[in-house]
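Architecture at a glance
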Amino acid sequence: MGSLEEAEPAATEGPGRERAGSMNPYSGRLKSLRAAWLSGKTRPIEYRKKQLEALGRFLDEKKSDLFHALHEDLRKSAFESEISEVAFTKNEVMETLNNLDSWMKDEYMSKNLATKFDSAFIRKDPIGVVLIISAYNYPINIALVPLVGAIAAGNCVVLKPSELSSSTERVLTETLPSYLDPETFTVVTGGPEETTKLLENKFDYIFFTGSRNVGKIVMTAAAQHLTPLTLELGGKNPCYVDESCNFQNAANRIVWGKFFNAGQTCIAPDYVICSITTREKLMPCLQKAIHEFYGSNPRESPDFGRLVNNRSFQRVRALLKSGQVAIGGETDESDCYIAPTVLVDVKESEPVMQEEVFGPILPIFTVADLDEAIQFIKRRDPPLAAYAFSSNSKVVNRVLDFTSSGGFCGNDILMHMTLVSLPFGGVGYSGFGKYHGKFTFDTFTHYRASLLRGMGMESLNTLRYPPYANRNLGLLLSATSVRRTGMCTLQ
């Protein structure tokens with residue numbers, strides 16, 4: 001769940017290179033982690049499980065501290081903190097502990113005639129020393145869910161929480177290292193300058209969640225060491241609402257998903273796209289849902305959060321100049337508060353339709369019909385999520401079939417995220433790589449192709465040795481070729 005703001009402008013200077021004679025402040029810690037990795041300490045399954053169980057205890061024993069920190073950072077309610085941060089992460093821990101034995105097992109693969117008596121398998125190897133850079137909007141979830149998979153895969157880990165959610169960063173920094181092995185795990189704090197210095201070091205894998213702009217900086221730094229990486233970014237997630245729809249049910253789900261965490265969710269619906277007729281039916285339902293969820297004055301609701309800081313507030317408030325405010329629109333700079341807001345009559349060229357909103361503003365963009373909606377979505381960069389509401393399953397499936405997005409959910413919002421069985425990740429400009437459940441383990445694992453052969457039967461190998469002969473070539477091709485199966489030729 002990436003954020004739009006992950007660094008101050010200074011970070012755009014890129015990772016750069018160390019000045020002559022200067023010592024990178026993180027080289028010592030990374031040297032120690034590298035030594036632990038090379039010792040093989042993290043490889044045994046018993047060690048991995050012990051660390052995961054300790055992470056689970058951290059979530060249980062420090063829950064009240066985490067709730068307090070999340071409220072300080074984002075005015076997040078205990079309900080939202082539980083379901084989207086603590087319980088969500090705990091589910092990942094439990095899913096991994098329940099399945100780690102099977103995930104780690106060698107996978108035996110099919111063989112050709114030339115290797116019939118050999119053993120062909122995939123070994124699940126750890127990658128090494130990995131870096132996880134988190135975001136502010138879900139500072140527990142986004143930091144610890146990748147950590148679960150990195151530990152499960154047997155890696156040493158550097159965790160960089162977001163400095164913007166400073167209270168949560170403090171809890172992670174001060175308490176998490178007392179649960180995890182300090183020889184194989186460390187937390188690094190700081191802002192853009194510190195992150196820039198951190199990225200000068202060589203890692204074996206980088207996992208970044210945040211904005212596109214900062215993602216480019218991280219990718220540039222990774223390229224200096226040819227380091228593979230995952231980028232979890234964001235985008236403008238469309239939400240198509242069809243004329244054949246239970247409008248109040250759709251409005252309830254859209255309002256919940258859009259204004260959850262004050263709109264600071266990378267898979268929140270960024271805009272609704274529908275016909276003018278549908279918009280007129282949907283608007284009173286949206287108004288009713290907002291009133292029922294947050295009351296007549298959402299600012300007084302304990303269930304409605306705040307933007308993370310003044311910089312974010314100023315950026316989101318500027319988007320209110322697009323279109324016309326139909327619902328909400330109230331702001332309070334001193335409290336980083338923007339009311340749940342719906343905009344109408346927005347134009348494609350306006351800022352609210354050009355950048356990810358990442359706040360409690362929902363623009364409604366009107367089109368003539370479903371075909372025009374699909375064409376509009378297809379013209380834009382692939383988003384992290386796409387949504388479609390209709391009582392006609394053919395309409396929902398048509399949006400699924402003819403658009404591209406990191407994930408898709410029909411007739412609901414955010415709920416595909418709750419399944420550990422589904423991968424989470426972007427496509428194109430919304431990022432690349434995937435995680436959650438086994439997909440996190442896979443991300444931090446090297447799938448090592450392995451073939452074990454015996455020393456005997458050397459006569460079978462002479463087919464491939466010089467001096468070459470055409471007869472041997474035919475036999476060798478016959479022993480190694482792959483043939484099409486399931487073919488039926490009618491005479």
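Scoring rules and cut-offs
- Residues numbered from 1 in each chain as written.
- Predicted model: local features only at pLDDT ≥ 70, side-chain atom pairs only at ≥ 80, totals over all residues.
- Heavy atoms only, no water.
- Helix = DSSP H or I, 4+ residues; strand = E, 2+ residues; numbered from the N terminus.
- Buried < 20%, exposed > 50% of the residue type's maximum accessible area, 1.4 Å probe, protein only.
- Core = buried A, V, L, I, M, F, W, Y, C linked by side-chain atoms within 4.5 Å.
- Domains from an automatic or database assignment.
- Contact = heavy atoms within 4.5 Å.
- UniProt positions renumbered as here; feature names shortened; annotations may be inferred.
- Salt bridge = Lys/Arg side-chain N within 4 Å of Asp/Glu carboxyl O.
- Patch = residues over 30% accessible without salt bridge, like charges linked within 9 Å, V, L, I, M, F, W, Y side chains within 5 Å.
- Areas by Shrake-Rupley, 256 points an atom, 1.4 Å probe, with all protein chains shown as cover.
- Pairing = 2+ DSSP bridges.

1. Topic: unusual backbone geometry
Between Pro 466 and Pro 467 the backbone carries a cis peptide bond, its omega angle lying at -5 degrees. Inspection of the secondary structure puts Pro 467 in the loop between β18 (445-452) and α15 (470-480). Look at Asn 261: it is not a glycine, yet its phi comes out positive at around 60 degrees. By the element assignment, Asn 261 lies in the loop between α9 (247-259) and β9 (271-274). With relative accessibility at 2%, the residue Asn 261 sits in the buried group. Even without glycine at this site, Phe 358 takes up a positive phi of about 50 degrees. Here Phe 358 is to be found in the loop between β13 (341-344) and β14 (361-366).

2. Quick look at the nonpolar core
Across soluble globular proteins, nonpolar side chains have a tendency to be buried as a group. Leu 144, Leu 147, Leu 176 and Leu 286 are the most contacted members of the largest nonpolar core, which has 89 residues in total. With 9 residues, helix α5 (residues 141-152) is the largest single contributor of residues to this core. Looking at this core, you find at least three residues from each of domain 1 (26-233 + 437-446) and domain 2 (238-427). Not counting the four nearest positions on each side in its chain, Leu 286 is found in contact with Ala 251, Ile 254, Val 255, Ile 327, Val 342 and Ile 364. One finds Met 353, Phe 365, Leu 370 and Ile 374 within the second-largest nonpolar core, a separate group that totals 29 residues.

3. Section: the environment of Leu 231
Turning to its location among the elements, Leu 231 is positioned in strand β7 (residues 229-232). Judged by its relative accessible area of 4%, Leu 231 falls in the buried class. When the C-alpha positions of Leu 231 and Val 218 are compared, they lie 8.8 Å apart, and in sequence the two are 13 residues distant. Excluding its chain neighbours within four sequence positions, the residues that come into contact with Leu 231 are Phe 208, Gly 215, Met 219, Ser 430, Gly 431 and Phe 432.

4. Re the UniProt feature "domain: Aldehyde dehydrogenase" (unreviewed entry) in the protein
Look at the UniProt record and you will see "domain: Aldehyde dehydrogenase" (unreviewed entry) annotated at residues 41-448. Taken as a whole, residues 41-448 contains 41% helix and 18% strand, while its terminal C-alpha atoms sit 19 Å from one another.

5. Side note on helix α6 (residues 166-175)
Taken together, the buried positions of α6 are occupied by Ser 167, Thr 168, Glu 169, Val 171, Leu 172 and Thr 175. Here the buried face of α6 lies against α2 (45-61), α3 (63-74), α5 and β5 (185-187).

6. Notes on the pattern of salt bridges
In the structure shown here, the tally under the stated rule is 29 salt bridges. For Arg 453, the salt bridge goes to Asp 118, with nearest N and O atoms at 2.5 Å. Taken together, the positions of Arg 453 in the loop between β18 and α15 and Asp 118 in the loop between β1 (107-108) and β2 (119-126) put the pair 335 residues apart, joining distant regions of the chain. One salt bridge connects Glu 355 with Arg 315, and the closest N-O pair in it is separated by 3.0 Å. On the criterion of sequence distance, the pair formed by Glu 355 in the loop between β13 and β14 and Arg 315 in helix α11 (residues 310-318) is long-range, its members being 40 residues apart. Taking relative accessible area as the criterion, Glu 355 reaches 28% and is therefore assigned partly exposed.

7. A short note on a nonpolar patch on the surface
Residues Phe 117, Met 457 and Leu 460 make up a contiguous nonpolar surface patch of about 360 Å² in total accessible area. Tracing the backbone through its elements, the reader meets Phe 117 in the loop between β1 and β2. You can call Phe 117 exposed: its relative accessible area is 60%.

8. Some words on the sheet that holds β2
An order of β1-β2-β18 is seen for the 3 strands of this open sheet, with the pairing classed as antiparallel. The open sheet terminates on both sides in strands that have one partner only, identified here as β1 and β18. Relative to β18, β2 runs antiparallel, the two sharing 8 bridges. In the sheet register, Arg 123 faces β18, and the bridge partner there is Arg 448.

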